Amino acid sequence: MTSNDTTLAAEDRLAIHELLALHGHIVDDGTIEDLDQLFTEDAVYDVSALGFGAHRGLDRLRELFQWKGEGNPVGHHVTNVMVRVDGGGVVRVRSKGIGVLADGKSGTVIYEDVVQRTARGWRITERKVRAKASAP
């Protein structure tokens, strides 16, 4: 893919889907040291919509993901993954996240990601997490 190319090979799409799936495994397994398999060194993780602010860099993300409050889901599941390349060649991914709490309750978020191919494979450079409003 060149910088102005708006297509992605099937292998890249599959790798991006697997990258997003990896988030739940790393967070739920507590293998926070492996976040470099998911994010770039200077990644931004924006959970402002959930009241937790925006965070930059792997060290800060490791601190964030080590937090294990009662409201933190015990299961993170990604679905409805949509990959697109915008006119500037930026790869954007929109997906839904389902979080399952220890008491069995669940909630849904929307992930808006920017991903980039690096020397180590695809990585998330930006993730914005938006709360999904409940149905009326």
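For the structure, check the block above.
Cut-offs and rules
Residues numbered from 1 in each chain as written. Predicted model: local features only at pLDDT ≥ 70, side-chain atom pairs only at ≥ 80, totals over all residues. Heavy atoms only, no water. Salt bridge = Lys/Arg side-chain N within 4 Å of Asp/Glu carboxyl O. Helix = DSSP H or I, 4+ residues; strand = E, 2+ residues; numbered from the N terminus. Buried < 20%, exposed > 50% of the residue type's maximum accessible area, 1.4 Å probe, protein only. Expected span 1.5 Å × (residues − 1). Contact = heavy atoms within 4.5 Å. Pairing = 2+ DSSP bridges. Axes fitted to C-alpha atoms, helices over the stretch in contact; angles between N-to-C directions. Phe/Tyr/Trp six-rings, centres within 6.5 Å; stacked < 30°, edge-to-face > 60°. Lys NZ or Arg CZ within 6 Å of the ring centre and 35° of its normal.

Caption draft 1: Up close: the pattern of salt bridges. Summed over the entire model, instances satisfying the criterion amount to seven salt bridges. D36 is the partner of R120 in a salt bridge, and the nearest nitrogen-oxygen pair spans 3.3 Å. With R120 in the loop between β5 (106-118) and β6 (121-131) and D36 in the loop between α1 (10-29) and β1 (39-46), this residue pair connects regions lying 84 residues apart in the sequence. Of the residues examined, R120 reaches a relative accessible area of 54% and is grouped as exposed. Classification of D36 by relative accessible area gives partly exposed; the value is 23%.

Caption draft 2: Highlighting α1. Along its 20 residues, α1 runs 29 Å from first to last C-alpha, staying within 8% of the 28 Å computed at 1.5 Å per residue. Those residues of α1 lying buried are D12, I16, L19, L20, H23, G24, I26 and V27. Structurally, α1 contributes buried residues whose contacts are with β1, α2 (58-66), β3 (75-85), β4 (91-100), β5 and β6. Backbone geometry just downstream of α1 places G30 in the positive-phi region, at approximately 75°.

Caption draft 3: Quick look at the environment of G75. Residue position: G75 is located in strand β3. In sequence terms G75 and H25 are 50 residues apart; their C-alpha atoms lie 8.7 Å from each other. Those residues in contact with G75 that lie beyond four places of it in its chain are D28, I98, G99 and V100.

Caption draft 4: Here's a closer look at the pairing of β3. Here nine bridges tie β3 to β4, and the two strands are oriented antiparallel to one another. Bridging across to β4, V85 finds its partner in V91. Once β3 ends, the chain turns through five residues before running back antiparallel as β4, passing G89 with a positive phi of about 85°.

Caption draft 5: Fine view of the sheet that holds β6. Read across the open sheet, the six strands follow the order β2-β1-β6-β5-β4-β3; overall the sheet is mixed. Where the open sheet ends on each side, the last strands, each with one partner, are β2 (54-56) and β3. Along the sheet, successive strands turn relative to each other by an average axial angle of 20°, direction set aside. Both β5 and β6 contribute to a ladder of ten bridges, which runs antiparallel.

Caption draft 6: Region of interest: the packing of aromatic side chains. Counted by the stated rule, this structure contains three aromatic pairs. Plain terms: the ring middles of F39 and F65 are 6.4 Å apart, the flat faces sit at 20° to each other, and that makes the pair stacked. Of this pair, F39 sits in strand β1 while F65 sits in helix α2; the two residues are 26 residues apart in sequence, bridging distant segments of the chain. Comparing F39 with F65, the two get one shared label, buried. Taking the centre distance of 5.1 Å and the plane angle of 75° together, the rings of Y45 and F65 count as edge-to-face. Of this pair, Y45 sits in strand β1 while F65 sits in helix α2; the two residues are 20 residues apart in sequence, bridging distant segments of the chain. Each member of the pair, Y45 as well as F65, is classed as buried. Aromatic rings pair up to connect F39, Y45 and F65 into one cluster. Above the face of the Y111 ring, R127 is positioned so that its terminal group lies 3.9 Å from the ring centre.

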